[in-house]
Amino acid sequence: DIVAFVDSKSDWLRRRLAAIGDQPLPRQLTYTDGEEHLFLGQRHPLQLGMASRAETSISQGVLQLQLPNPESAKQVSAQLTGWYRQQAEELYSRLLDQHFPFFAERGYKRPQLRIRRMKSRWGSLSSRGYINLNLELIKTPLECIEYVVLHELCHLEHMNHGAGFRALLGQCLPDWQARRETLNRAPLI
């Protein structure tokens, strides 16, 4: 039975293994000056500076972090993560506000946003009224983030990935398949 099951899934397994093989290997981050970090699909070099008050900004493509101890990888990592979380909260909320009216007209209640670090998902929609979006999604292009938001909102009507779900997603986002492919190829580090 097991061999028959694996044989029946062999085409799918080959496609998944090929997709995994196409993804770039993650690199080990050091959180040092000049190291590049992703934000909205673009790489930005870190520019670390010393300051009594921590601040983070992007200026002319450079991700500038001011903090009390720029030599501490732990402090740089924590500040960068906090900044990513703030950016994610603003962007994900804006995208939800932008796209939810379509679902409100269909009689759905707006799910409450939660940003989490997830190991194997970009997002999820709970039956308890939460839309969970991965913090790491903020590193991907805007078009990919919008795809995930709409994907999860479509689960308000279809809690599966069947034909009805795909049709609704296609109605909301006609190029969703291309965006999904871009997301699947996107590096995270």
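Since the structure is predicted, the reported quantities are computational estimates derived from the model, not experimental observations.

1. As for helix α5 (residues 163-172)
Reasoning step 1: Residues F165, L168 and L169 constitute the buried set of α5. In an axial view of α5, the angular spread of the buried residues amounts to 100 degrees, which keeps them on one side of the axis. Within α5, the exposed residues directed more than 90 degrees away from the buried face are A163 and Q171.
Reasoning step 2: Those residues of α5 hidden inside the fold are in contact with α3 (73-104), α4 (142-154) and α6 (176-185).

2. Remarks on the sheet that holds strand β4 (residues 62-67)
Reasoning step 1: Here four strands make up an open sheet; going across it, the order is β1-β2-β4-β3 and the pairing mixed. Looking along the sheet, the strands with just one partner apiece sit at the ends: β1 (36-39) and β3 (55-59). With strand direction ignored, the average angle separating the axes of adjacent strands in the sheet is 35 degrees.
Reasoning step 2: Examined bridge by bridge, strand β2 (residues 42-50) and β4 share five bridges and lie parallel to one another.

3. Topic: α3
Reasoning step 1: The end-to-end C-alpha distance of α3 is 44 Å, a good match for the 46 Å that 32 residues give at a rise of 1.5 Å each.
Reasoning step 2: In the structure, α3 departs most strongly from a straight axis at Q98, where the bend amounts to approximately 35 degrees and where the proline P101 lies between one and four residues downstream.

4. Some details on the environment of N132
Reasoning step 1: Mapped onto the elements of the fold, N132 is located in strand β7 (residues 130-134).
Reasoning step 2: Residue classification places N132 among the buried residues on the basis of a relative accessible area of 5%.
Reasoning step 3: When sequence neighbours within four positions are dropped, the list of residues in contact with N132 reads R114, R116, M118, W122, G123 and S124.
Reasoning step 4: Side-chain polar atoms of N132 contact the side chain of R114, separated by 2.9 Å.

5. Details of the sheet that holds strand β5 (residues 112-116)
Where strands meet in a sheet, backbone hydrogen bonds hold them as pairs that are either parallel or antiparallel.
Reasoning step 1: Read across the sheet, three strands follow the order β5-β7-β6 without closing on themselves; strand pairing throughout is mixed. Of all the strands in the sheet, just β5 and β6 (123-125) have a single pairing partner and so form its edges. Along the sheet, successive strands turn relative to each other by an average axial angle of 15 degrees, direction set aside.
Reasoning step 2: Across the sheet, α3 touches β5 and β7, and the angle it forms with β5 is around 150 degrees.
Reasoning step 3: Contacts from α4 reach β6 and β7 within the one sheet, and its direction differs from that of β7 by about 155 degrees.

6. Describing the side chain of K139
Reasoning step 1: By the element assignment, K139 lies in the loop between β7 and α4.
Reasoning step 2: Judged by its relative accessible area of 11%, K139 is buried.
Reasoning step 3: Within the local environment of K139, its side chain forms a polar contact with the side chain of E136, the two groups lying 2.7 Å apart.
Reasoning step 4: K139 has contacts with L38, F39, L40, G41, Y84 and L188, leaving out every residue within four places of it along the chain.

7. Quick word on the pairing of β4
Reasoning step 1: Alternating residues of β4 divide into L63, L65 and L67, all buried, and V62, Q64 and Q66, none buried.
Reasoning step 2: Looking at chain direction, β3 and β4 are connected through five bridges and run antiparallel. Paired with S59 across the strands is V62, a residue of β4.
Reasoning step 3: Connecting the antiparallel pair β3 and β4 is a turn made up of two residues, with Q60 showing a positive phi of about 50 degrees.

8. Considerations on the layout of surface pockets
Reasoning step 1: Approximately 310 Å³ is the volume attributed to the second largest pocket.
Reasoning step 2: Around the second largest pocket, the lining comprises 18 residues; the ones closest to its centre are R117, E136, K139, L188 and I189.
Reasoning step 3: Those elements that place two or more of their residues in the lining of the second largest pocket are β1 and α3.
Reasoning step 4: For the lining of the second largest pocket, the element with the most residues is α3, which contributes four residues.
Reasoning step 5: When its residues are assigned to classes, the lining of the second largest pocket shows eight nonpolar, four polar and six charged.

Reading the values: rules and limits
Residues numbered from 1 in each chain as written. Predicted model: local features only at pLDDT ≥ 70, side-chain atom pairs only at ≥ 80, totals over all residues. Heavy atoms only, no water. Buried < 20%, exposed > 50% of the residue type's maximum accessible area, 1.4 Å probe, protein only. Helix = DSSP H or I, 4+ residues; strand = E, 2+ residues; numbered from the N terminus. Arc of directions from axis to C-beta. Contact = heavy atoms within 4.5 Å. Pairing = 2+ DSSP bridges. Axes fitted to C-alpha atoms, helices over the stretch in contact; angles between N-to-C directions. Expected span 1.5 Å × (residues − 1). Bend = angle between axes of the 7 residues up to and from the residue. Polar contact = N/O pair within 3.5 Å; in protein donor to acceptor, adjacent residues only side chain to side chain. 1 Å grid on protein atoms, 1.4 Å probe; cavity = no way out; pocket = protein on both sides within 12 Å on 5 of 7 lines; lining within 4 Å. Points joined across faces, edges and corners; volume = space filled by probe spheres on them. Nonpolar A, V, L, I, M, F, W, Y, C, P; charged D, E, K, R; others polar.

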